Amino acid sequence: MDSEAEIKSILNDYMNGDLSADECFCMVLSLVGYDALKLTFLGHIAWLKSVNTRLYSQLLNVYMGYFESQDDNFRLPDKLDCAVENGFYENDSSEALCGPQYSDGYGDQPEDFEETGYELDLELALKLSLETANNSPSYADIANASSKVDRSVPSNGIVSNIKKHVPPSKATGNATVTVSEVNNKEAENQFHQEDPSAGDGKKKKRNRKKQKNKIEHPLSNPPVIYWFRRDLRVYDNPALVAVSQTGAPVIPVFLWSDTEEGPTSALATGGATKYWLHMALPTLNRDMKDKYNNPIIFRRSSNYLSDMVEIVKTTGAKTIIMNDVYEPFLKERDDKICKELTRKGVKCERYHSYLLHQPGSIRTECLCMRGMGSVTHFMELCRLSSSEPLGFPVDPPGCLPAGSSRPLSHEFNDLQLGKLPRRKDGSMIDWARVIRESWDFSENGAWEALQLFLSDAVKKYEKESSRGDQLNTCRISPYLHFGQISPRTILSEGRHVKSPKFLRKLAWRDLSYWLLSVFPDLPHAPTRPQYQHQRWSGNKAHLKAWQKGYTGYPLVDAAMRQLWLTGWMNNYMRHVVASFLISYLHITWVEGYLWFQDTLLDADVAINAMMWQNGGMSGLDQWNFVMHPVDAAMTCDPKGDYVRKWVPELSNMPEEFVHKPWKCPPSILRRAGVEMGVTYPHRIITDLEEAREQSLRDVVDVRKRFPYLIDQNTGNDLVKLPKGVVIPVITRREFKYKTRNPDSRDNPHNAVLKGYRSRKRDELVDYLNERDFMASTMKECTGRHEKGGNPNNPIVF
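Residues numbered from 1 in each chain as written. Predicted model: local features only at pLDDT ≥ 70, side-chain atom pairs only at ≥ 80, totals over all residues. Heavy atoms only, no water.

1. Concerning the side chain of S512
Counted only if it meets this: What counts as a helix is a DSSP run of H or I of at least four residues, what counts as a strand is a run of E of at least two, and both are numbered from the N terminus. We call two residues contacting when some pair of their heavy atoms lies within 4.5 Å.
Counting through the fold element by element, S512 comes out in helix α16 (residues 500–518). Among all residues touching S512, those that are not within four sequence positions of it are A606, I607 and M610.

2. As for the confidence of the model for the chain
The line we're drawing: One confidence number per residue, pLDDT, is output by the predictor and ranges from 0 to 100.
With 75% of its residues at a pLDDT of 70 or more, the chain has an overall mean of 78. Scored below 50 in pLDDT, residues 786–797 shows 15 contacts in the model against residues more than four places distant or in partner chains.

3. Overview of the packing of aromatic side chains
Two numbers describe a pair of aromatic rings. These are the distance of the centres and the angle of the planes. Under the convention used in this document: Only Phe, Tyr and Trp rings are paired, with Trp represented by its six-membered ring, and only when their centres lie within 6.5 Å; those with planes under 30 degrees apart are stacked, over 60 edge-to-face, the remainder tilted. For the exposure calls, accessible area comes from a 1.4 Å probe over protein chains only, and a residue counts as buried if that area is under 20% of its type's maximum, exposed if over 50%, partly exposed in between. Charge-over-ring contacts are defined here by two conditions on Lys NZ or Arg CZ: a distance within 6 Å of the ring centre and an angle within 35 degrees of the ring normal.
One pass over the full model with this rule turns up 27 aromatic pairs. Arranged with centres 5.1 Å apart and planes meeting at 65°, the rings of F298 and F412 form a pair that is edge-to-face. Of this pair, F298 sits in strand β5 (residues 297–300) while F412 is found in the loop between α11 (375–385) and α12 (433–438), placing the two residues 114 residues apart along the sequence. Exposure remark for F412: the relative accessible area of 17% places this residue in the buried category. Relative to Y708, the ring of F706 lies with its centre 6.1 Å away and its plane at 70°, an arrangement referred to as edge-to-face. Given a relative accessible area of 14%, F706 falls into the buried group. Using a relative accessible area of 59% as the deciding quantity, one classes Y708 as exposed. A connected cluster of aromatic rings, assembled from ring pairs, spans W276, W439, F441, Y479 and F482. Across from the ring centre of W227, 4.5 Å away, lies the NZ or CZ of R229, which sits over that ring. Its guanidinium or amino end placed over the ring of W439, R475 lies 3.9 Å from that ring's centre, counting from NZ or CZ.

4. Quick look at the sheet that holds strand β6 (residues 319–323)
Filter applied, for reference: Strands were regarded as paired on the criterion that DSSP finds at least two bridges between them. Angles shown run from 0 to 180 degrees and are taken between the N-to-C directions of axes, each axis being a line fitted to C-alpha atoms and, for helices, limited to the stretch in contact.
Taken in spatial order, the 5 strands of this open sheet run β5-β4-β3-β6-β7, and their pairing is parallel. Edge strands, defined here as strands with exactly one partner in the open sheet, are β5 and β7 (347–351). Ignoring which end each strand starts from, the neighbouring axes of this sheet average 25° apart. Sheet analysis places β6 next to β7, joined by 5 bridges and oriented parallel. Its bridge partner lying in β7, T319 is registered against K347.

5. Structural notes on the state of the cysteines
Definition in use: Only a pair of cysteine sulfur atoms within 2.5 Å qualifies as a disulfide here.
Taken as a whole and assessed by the stated rule, the structure comprises 1 disulfide. Two residues, C26 and C399, share a disulfide whose sulfurs are 2.1 Å apart. A torsion of -75° about the S-S bond marks the disulfide between C26 and C399 as left-handed. With C26 in helix α2 (residues 21–32) and C399 in the loop between α11 and α12, this residue pair connects regions lying 373 residues apart in the sequence.

6. Here's the deal with the packing of helix α25 (residues 688–705) against helix α26 (residues 733–740)
What counts, and what does not: Roughly parallel means an angle under 35 degrees; roughly antiparallel means over 145; roughly perpendicular covers 65 to 115; every other angle is labelled oblique. Handedness of a crossing follows from how the near helix is turned relative to the far one, being left-handed for an anticlockwise turn of less than a right angle and right-handed for a clockwise one. Residues are grouped as follows: Ala, Val, Leu, Ile, Met, Phe, Trp, Tyr, Cys and Pro are nonpolar; Asp, Glu, Lys and Arg are charged; every other residue, Gly included, is polar.
Taken N-terminus to C-terminus, the directions of α25 and α26 make an angle of 70°; their axes are 9 Å apart at the nearest point. When the interaxial angle is binned, α25 and α26 end up roughly perpendicular. Classified by chirality, the crossing of α26 by α25 is right-handed. Residue-level contacts link R692, E693, L696, V699, V700 and R703 of α25 to E734, F735, K736, K738 and T739 of α26. Partitioned by chemical class, the residues of the contact of α25 with α26 number 4 nonpolar, 1 polar and 6 charged.

7. A word on the pairing of β5
If a strand is regular, its side chains alternate between the two faces of the sheet. Here is the rule: Crossover handedness is defined by viewing with both strands directed away from the observer: a clockwise path from the first strand over the helix to the second marks the crossover as right-handed.
Two strands pair when backbone bridges link them, and strand β4 (residues 250–256) and β5 are joined in this way by 4 bridges, in the parallel orientation. Paired with F254 across the strands is F298, a residue of β5. For the handedness criterion, the β-α-β arrangement of β4, helix α8 (residues 271–292) and β5 is classed as right-handed.

8. Overview of the pattern of salt bridges
Note the cut-off: Should a side-chain nitrogen of Lys or Arg be within 4 Å of a carboxyl oxygen of Asp or Glu, the pair is scored as a salt bridge.
All told, the structure shown has 30 salt bridges when counted by the stated rule. With a shortest N-O distance of 3.7 Å, K344 and E340 are connected by a salt bridge. Its relative accessible area of 46% is what places K344 among the partly exposed residues. Here E340 falls in the partly exposed class, since its relative accessible area comes to 22%. Two residues, R383 and E380, come together in a salt bridge whose shortest N-O distance is 2.5 Å. One end of the pair is R383 and the other is E380, both in helix α11 and 3 residues apart, which spans about a single turn. Residue classification places E380 among the partly exposed residues on the basis of a relative accessible area of 28%.

9. Some remarks on the nonpolar core
Selection criterion: Among buried residues, those of type Ala, Val, Leu, Ile, Met, Phe, Trp, Tyr and Cys that are joined through side-chain atoms within 4.5 Å constitute a nonpolar core.
M372, W514, W546, F580, F596, W612 and M653 are the most contacted members of the largest nonpolar core, which totals 96 residues. Among the elements that line this core, the one with the most residues is helix α19 (residues 571–584), at 9 residues. Setting aside residues no more than four positions away along its own chain, W514 makes contact with P359, I362, T364, M369, M372, F378 and L381. The next biggest cluster of nonpolar side chains, apart from the first, holds 75 residues, and it includes Y304, M308, A457 and C474.

10. Some words on helix α21 (residues 605–615)
Our working definition: Two N or O atoms count as a polar contact when they lie within 3.5 Å, although within protein this holds only if one can serve as hydrogen donor and the other as acceptor, and sequence-adjacent residues are included solely when both atoms are side-chain atoms.
Of all 11 residues that make up α21, 10 are buried, and the element is covered over most of its length. Considered for burial, the residues of α21 that qualify are V605, A606, N608, A609, M610, M611, W612, Q613, N614 and G615. Structurally, α21 contributes buried residues whose contacts are with α10 (328–343), α16, α17 (540–548), α19 and α20 (589–599). Two or three places before A606, at the opening of α21, D604 has a side-chain oxygen 3.2 Å from that residue's backbone nitrogen.

11. Considerations on the environment of W612
Inspection of the secondary structure assignment puts W612 in helix α21. The contact partners of W612, leaving out residues within four places of it in the chain, are W546, A578, L581, I582, W589, G592, Y593 and F596.

12. Comments concerning the packing of helix α13 (residues 443–464) against α16
Between α13 and α16, the least distance of the axes is 9 Å, while the angle of their chain directions is 115°. One finds that α13 runs roughly perpendicular with respect to α16. Contacts between α13 and α16 involve L450, F453, L454, Y461 and E462 from the former and P500, K501, F502 and K505 from the latter. Residue composition of the contact of α13 with α16, grouped by class: 6 nonpolar, no polar and 3 charged.

13. Remarks on helix α1 (residues 3–15)
What counts is decided by this rule: Helix span, expected: 1.5 Å multiplied by one less than the number of residues in the helix. In this description, one arc is meant: the one made by directions from the helix axis to the C-beta atoms.
With 13 residues, α1 should cover 18 Å at 1.5 Å per step; its first-to-last C-alpha distance of 18 Å lies within 8% of that length. For α1, the set of buried residues is I7, I10, L11 and Y14. One face of α1 carries all of its buried residues, which in axial projection span an arc of 95°. Positive backbone phi, at 90°, marks G17, one or two positions downstream of α1.

Set out below in structure tokens:
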């Protein structure tokens, strides 16, 4: 549809009562821009004058009020007298009251009203002007044109009691919910009485009087800057709603600098997350163009504060609005930026929408800190700390006018978010091809992923979310990380399904950010300081084999290759590969954290740091389990389909050997096209039990070196909080047992999880080995070899 047809459609909606005069004017302004509107708007609405003079009058008043406030020298064409401001011509001898106000409807007609000629026009103009003094709609209505609800967002950014409308393209018929309706202060309106027959001197005097008494039209406000960060959406975006309610032109901005996004030790922006941004930002920009005709200003920056100051200076903006982010280093950065901008007279408004609970709102004095780090303890803290409801999602803004003053925007590719490496011959290494093919990077993609899960996979989630061979999980984490869907939306949409386990994930997410706010060094320093002295292996070959998925353990390799190719794996697989790296290879959790930060599309500093610390024994909530690299496969990939998909070398292996190819008889290996050590690597470690025992000894050695950091009553580790309080924290029972009984060979609290099909499979393998002479002989030789040492060399890459 061309712009002329779109304008005609907007005016028809206005005439049919679907839009107010403000809304209609704003939408046309966003469509054609300031200069074109100033020259052509009267021509566009001329036909309306003969159809409905009242509606014509209202539009003309908005037009006059806007351009008079923008340009003191603005005036209508000379052939039109003052009374045309109400949409009517007058005769030469008439005097009328006219002004830039408008009304929603007619008042009561006088009984002797003569409905003929110019007298009708004059009487109606007078009546309309008088009635608008107390009944003029404000520009705040524009913010919610689709829902016809007038609302603003309170300072905490949470809105409740508004009728929710899920966009049709994003919803699949889920239950409707109700949330907070917030009153918005109406803009004050004034009208002026002038003498239309006055001479030039009188008109100058009248103009001076207007300038003295005039209240600035909402659209004449200085522009407002909206700073997009990790809130790449228009639905349930309280800060975006707030910016629409200012009535001012909106300048959406996205800044990017690797150094500004966090310290090197945190690796807040890895290759995968930057590539997601490279794909997601253009979809958001298209939404801003299609819905609001207001594209995003992109800037590659070296200093966010300098860029913001320059944008403010260029545009004359007096307000910057944003949604908060909660990593301590980013919060500190934002605090400095806002402090400096406030000093320069620029108002900074920050809203809450990235989490369900702000980390700073959690009060710890209301509950004993024993159990800190567990999600149950955190949820109780939230319950006791919350003074306001979470609220429900809010609709997208109805209008975000672009205005005429726009700063320079860099080319999107200048951000270099999707820059791919090149080989020595100049050819590109396209490591992101499968990622592009596997994801819809738009806000609509987030809705589709959520609805796909809620309509089908959620039925199996409670009991079978571990399955790697089936999509029983919700692939929504990248969208949640980048704010393409809000946690409040997920909570609202998911409340009608019976899956506490799914909704509990939102609590884990909030918990991680709270812990990061308490322990800012969470990404690189152990929360239990004594574990800084834990022994770790420095075997770089083992680390590389783990990273690339060539460990010789099919389940681990499948998960790591899925991660490399698609940027994602389910939560169970993340536990499997973390357990293998830490408990069997004895490589520090920091290496795992950094690799996940670089390769996960949903790489989140808080969540990854908390998970890796807990898995690495130094977090507040030590894992009470260890995933066995073989037995875990019987639970999450019982038929081997997951392994066959991501480790194609083993695609022809029969079910009973696909997770243990080293136990497969040579004849079956040959038929499957597998040659161990050639087409698929040997295991980088073979004695898993001894590796696990060594991991236990390493933890016990640390605990024995720091006996004063062990609670004498419970045997739990002690941690000193930043405020000086020392608390006992969750400690795995086998660590406590081994500390008390260091020489014991038994372990009644063994944390290794066994797969539910492992016994049956092991029996089948033993049966086949007994009947295959070659396999039996190899098994015996392998057993003797393993007892004598472990000289296997890892595969070379």
